[in-house]
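# Coordinate inspection notes
Residues per chain are reported as follows:
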Amino acid sequence: MADSDVRINPSILAADFVNMQAELARIASADFVHVDVMDNHFVPNLTFGPQMVERIQATSPVPLDVHLMISDADRCAPEYAEIGAASVTFHLEAAADPVALARRLRQIGARAGVAVKPATPVEQLFDVLDEFDQILVMTVEPGFGGQSFMADQMPKLRRLSDEARRRGSRVWLQVDGGIGESTIAQAADAGADTFVAGSAVFGAEDPGAAISALRSAAASAHRH
């Protein structure tokens, strides 16, 4: 797989919120900026709401990949698509009708993503793969930045990747949590093509170089 088939989406959870516009400019070579929306209910943390996301949308040099860690996904997710987010991912555990919600997001014009927590089996998505543009396999428990990568999620990711390939699906497979140069190859080897990285990018002296290094490491793992 070529470098161009690898997507690096830095998470602004690791950015300096006070200097958001400057921080976004530092990741202009990324594919998307990953925006974690937490409601202090589905997860025990609180971050951004629609107004803040709209401001990020207005200033970001790259498209928004919004990850909703919120309880009422069926009602709230379409609002983020209407703001103009390129991709909106909701949690399978928080949606009453995931397929209907994904179709609604696509209808508005966003890519539709679905996320699964570490304890959630991916098999329940197998028959509806084509309803989604992206499936996010969490490699940490959602809700906090800076956690360690959960390598025990790799067999699950591989099962999903194998099934997507078997069905000829073009769904993107994303991982989020503990992704850096030491772990990205494991996730790429298991089938991921879209990677959320926080401190590995924003904590680097040169975020552009960090993005490039992550992209190369993932592409190299795909080629082997």
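Residues numbered from 1 in each chain as written. Predicted model: local features only at pLDDT ≥ 70, side-chain atom pairs only at ≥ 80, totals over all residues. Heavy atoms only, no water.

Moving on, we come to the sheet that holds strand β7 (residues 172-176). Pairing within the open sheet is parallel, and its eight strands lie in the order β1-β8-β7-β6-β5-β4-β3-β2. Here the strands that pair on one side only, and so sit at the sheet edges, are β1 (7-10) and β2 (33-38). Averaged over neighbouring strand pairs, the angle between their axes works out to 25 degrees when direction is ignored. Taken together, the five bridges between strand β4 (residues 87-91) and strand β5 (residues 111-116) define a ladder with parallel strand orientation. (Pairing = 2+ DSSP bridges. Helix = DSSP H or I, 4+ residues; strand = E, 2+ residues; numbered from the N terminus. Axes fitted to C-alpha atoms, helices over the stretch in contact; angles between N-to-C directions.)

Turning next to the pattern of salt bridges. All told, the structure shown has 13 salt bridges when counted by the stated rule. The salt bridge partner of aspartate 31 is arginine 215, with a shortest N-O separation of 2.7 Å. Here the residue aspartate 31 occupies a position in the loop between α1 (20-26) and β2, and arginine 215 occupies one in helix α8 (residues 207-223), the gap between them amounting to 184 residues. We classify aspartate 31 as partly exposed; its relative accessible area is 23%. For arginine 215, a relative accessible area of 15% gives the class buried. Here aspartate 133 makes a salt bridge to arginine 106, at a shortest N to O gap of 3.0 Å. (Salt bridge = Lys/Arg side-chain N within 4 Å of Asp/Glu carboxyl O. Buried < 20%, exposed > 50% of the residue type's maximum accessible area, 1.4 Å probe, protein only.)

Attention shifts here to the packing of aromatic side chains. Under the defined criterion, the tally for this structure stands at three aromatic pairs. On the basis of an interplanar angle of 70 degrees and a centroid distance of 5.9 Å, the ring pair of phenylalanine 32 and tryptophan 172 is categorised as edge-to-face. Of the two residues, phenylalanine 32 is situated in the loop between α1 and β2 and tryptophan 172 in strand β7; the sequence distance between them amounts to 140 residues. Each member of the pair, phenylalanine 32 together with tryptophan 172, is buried. A cation sits over an aromatic face here: arginine 7 above tryptophan 172, 3.6 Å from the ring centre. The positively charged end of arginine 111 is found above the aromatic ring belonging to tryptophan 172, 3.6 Å away from the centroid. (Phe/Tyr/Trp six-rings, centres within 6.5 Å; stacked < 30°, edge-to-face > 60°. Lys NZ or Arg CZ within 6 Å of the ring centre and 35° of its normal.)

Honestly, that's just the spatial picture; any functional story needs more than this.
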